[in-house]
Amino acid sequence: MAKKQSVPITQFYRDHPGGPAAAEKKLFGRIAHSDRRAFLKNIGLAAIGTFVGAAIPFHRNMPAGFIPAALADAHVSEDKDGLTLLNDRPLNAETPAHFLDDAVTPTSRHFVRNNGIPPIDVDAAGWMLTLDGLVDTPLSLSIENLRKNFEVVSQNLVIECGGNGRAMFNPPARGNQWTYGAVGCSNWTGVRLRDVLQAAGIKDNVIYTAHEGADAHLSGKEGKIPLSRGMPITKAMDDSNLIAFGQNGGDIHPMNGAPLRLVVPGWPGSCSQKWLTRIWLRDQVHDGAKMTGTSYRVPKYPVAPGTKVPTEDFEIIEAMPVKSLITFPAGGQEISERSFEVRGHAWAGDTTVDAVDISYDFGATWQRANLDAPANKEAWQQWRTTVALPEAGYYEIWARATDANGRMQPFAIDWNPKGYLNNSFHRIAVTAI
Ligand SMILES: Nc1nc2c(c(=O)[nH]1)N[C@H]1C(S)=C(S)[C@@H](COP(=O)(O)O)O[C@H]1N2
Ligand SMILES: [Mo]
């Protein structure tokens, strides 16, 4: 039998029939995402040096597309517990549904969605937030200034990525393949965005906000911004929006935007700028990174699956749709009791949830769950019910929420090209033995 020859790693990358991405998968056992390929194509040596924390003396021997092991080993971080890593550059990790069972999502379980490279070792004491653009008095505020000059409030607020549920799109949509767990409801502490805007004085012609953060673009290019979103001034004035400096009674997790972030509940998570450095007010719809084209946008009209839609027919996503999550029991399990509690959360963008119904017969009949009021505006609501399965066998438990406007989660959603806003039922499989 021929002995397997060991090959220098450079040659392995260069000669692999599937290219560097396939070579990497072979080495590291992970799927190489399209995002990762784009990263590799664009990344400069200087940027790689920054990430590994040192110059690379033998960089000339590094094959094109090579990922330094220091980066390949990157993990979500020790204090993010049980999250599923979808991509490590940029870092994207979701929370399995059964790890979201708490009414308030622990910091260790809050998902992470990064579009760029987060700042590291941030200096909270020296952090400054600028408020400018069309304001009467531009402001430059430290976190201490925010704490001292404005009312500090704590609220349970839902942040959900606009692409949560993308993995269930058919035909598939490019982007992070979120299943159900790009959502969380931590208890956020901060000051009301409205109060700070009013302190700066909003000029009459303002229609939109624009947000900037301290993360770096994946390309490593100086001055290139990974994400800068905004919202209509009417939404910005909602008293639920926070400029937050605390998460669950402690500091904000570095991957969730420490030391300062926006929390704009009910709208796509991308509105909630992390590592917040600047808010400016504009007299036009903000046109920053990921505001234009097809980013966080959907076609203005329903389209058949797979349709190519002209860019000018897309519109900006505003409130997120009604949705529910089954957090207990965990899906895919054998259950020895036929009668057991099913529970979870439900939320509905800027409105509340009126009802949650559960089915274990593929939607033929539904039973109404007992549903709590939200702890505060824009918090998710807890529900529970007991199901009694008639006999042993395979079942699916489906959850379906209805919002205060009578809108109900659908079995299947209208397809859209970028895979946003999937609010079809959460379904889990259980086998009663
Ligand atoms: N500065 C900055 N803010 C950001 C992002 C980012 O990449 N950079 N991602 C946004 C997106 S798309 C989402 S869904 C939320 C996710 O917040 P989390 O990572 O704390 O869960 O942060 C938003 N804020
Ligand atoms: Mo997002």
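Please read these numbers as outputs of a predicted model, since none were measured by experiment.

What counts and how
- Residues numbered from 1 in each chain as written.
- Chains lettered and ligands numbered in written order.
- Predicted model: local features only at pLDDT ≥ 70, side-chain atom pairs only at ≥ 80, totals over all residues.
- Heavy atoms only, no water.
- Helix = DSSP H or I, 4+ residues; strand = E, 2+ residues; numbered from the N terminus.
- Buried < 20%, exposed > 50% of the residue type's maximum accessible area, 1.4 Å probe, protein only.
- Salt bridge = Lys/Arg side-chain N within 4 Å of Asp/Glu carboxyl O.
- Near = heavy atom within 4 Å.
- Polar contact = N/O pair within 3.5 Å; in protein donor to acceptor, adjacent residues only side chain to side chain.
- Nonpolar A, V, L, I, M, F, W, Y, C, P; charged D, E, K, R; others polar.
- Pairing = 2+ DSSP bridges.

Draft legend 1. View of unusual backbone geometry. Omega for the bond connecting Asn170 with Pro171 falls within 30 degrees of zero, at -5°, which places this linkage in the cis form. The topology assignment puts Pro171 in the loop between strand S6 (152-160) and strand S7 (183-192). A cis amide bond links Phe328 with the next residue in sequence, Pro329, at an omega value of 0°. One non-glycine residue, Lys290, lies in positive phi territory at about 70°. Owing to a relative accessible area of 29%, Lys290 belongs among the partly exposed residues under this scheme.

Draft legend 2. Fine view of the pattern of salt bridges. Scanning all chains against the criterion turns up 19 salt bridges. The partner of Asp238 in a salt bridge is Lys377, with the nearest N and O atoms 3.0 Å apart. One end of the pair, Asp238, is in the loop between helix H8 (233-236) and strand S9 (242-247); the other, Lys377, is in the loop between strand S20 (370-371) and strand S21 (381-388), and 139 residues separate them in sequence. Arg343 is the partner of Glu341 in a salt bridge, and the nearest nitrogen-oxygen pair spans 2.9 Å.

Draft legend 3. The site of ligand 1, seen in detail. Taken together, 19 residues form the shell around ligand 1, and within it Phe111, Asn115, Asp215, Arg261 and Lys274 come nearest. Measuring from an oxygen atom of ligand 1, one finds a side-chain N or O atom of His110 at 3.2 Å. Its residues placed into classes, the shell around ligand 1 shows 7 nonpolar, 8 polar and 4 charged.

Draft legend 4. Representation of the sheet that holds strand S2 (residues 91-94) within the structure. An order of S1-S2-S3 is seen for the 3 strands of this open sheet, with the pairing classed as antiparallel. The sheet is open, and its two edges are formed by strand S1 (84-88) and strand S3 (112-113), each paired on a single side. Where S2 meets S3, 2 bridges bridge the pair, whose relative direction is antiparallel. Directly across from Asn92, in S3, lies its bridge partner Arg113.

Draft legend 5. Highlighting the pairing of strand S23 (residues 426-432). Of the two faces of S23, the one holding His426, Ile428, Val430 and Ala432 is buried and the one holding Arg427, Ala429 and Thr431 is not buried anywhere. With 3 bridges joining them, strand S16 (residues 333-335) and S23 adopt parallel strand pairing. Within S23, the residue paired with Ile335 across the bridge is Ala432. Direction of pairing for strand S22 (residues 393-403) relative to S23: antiparallel, over a ladder of 7 bridges. The partner of Ile397 across the bridge, within S23, is Ile428.

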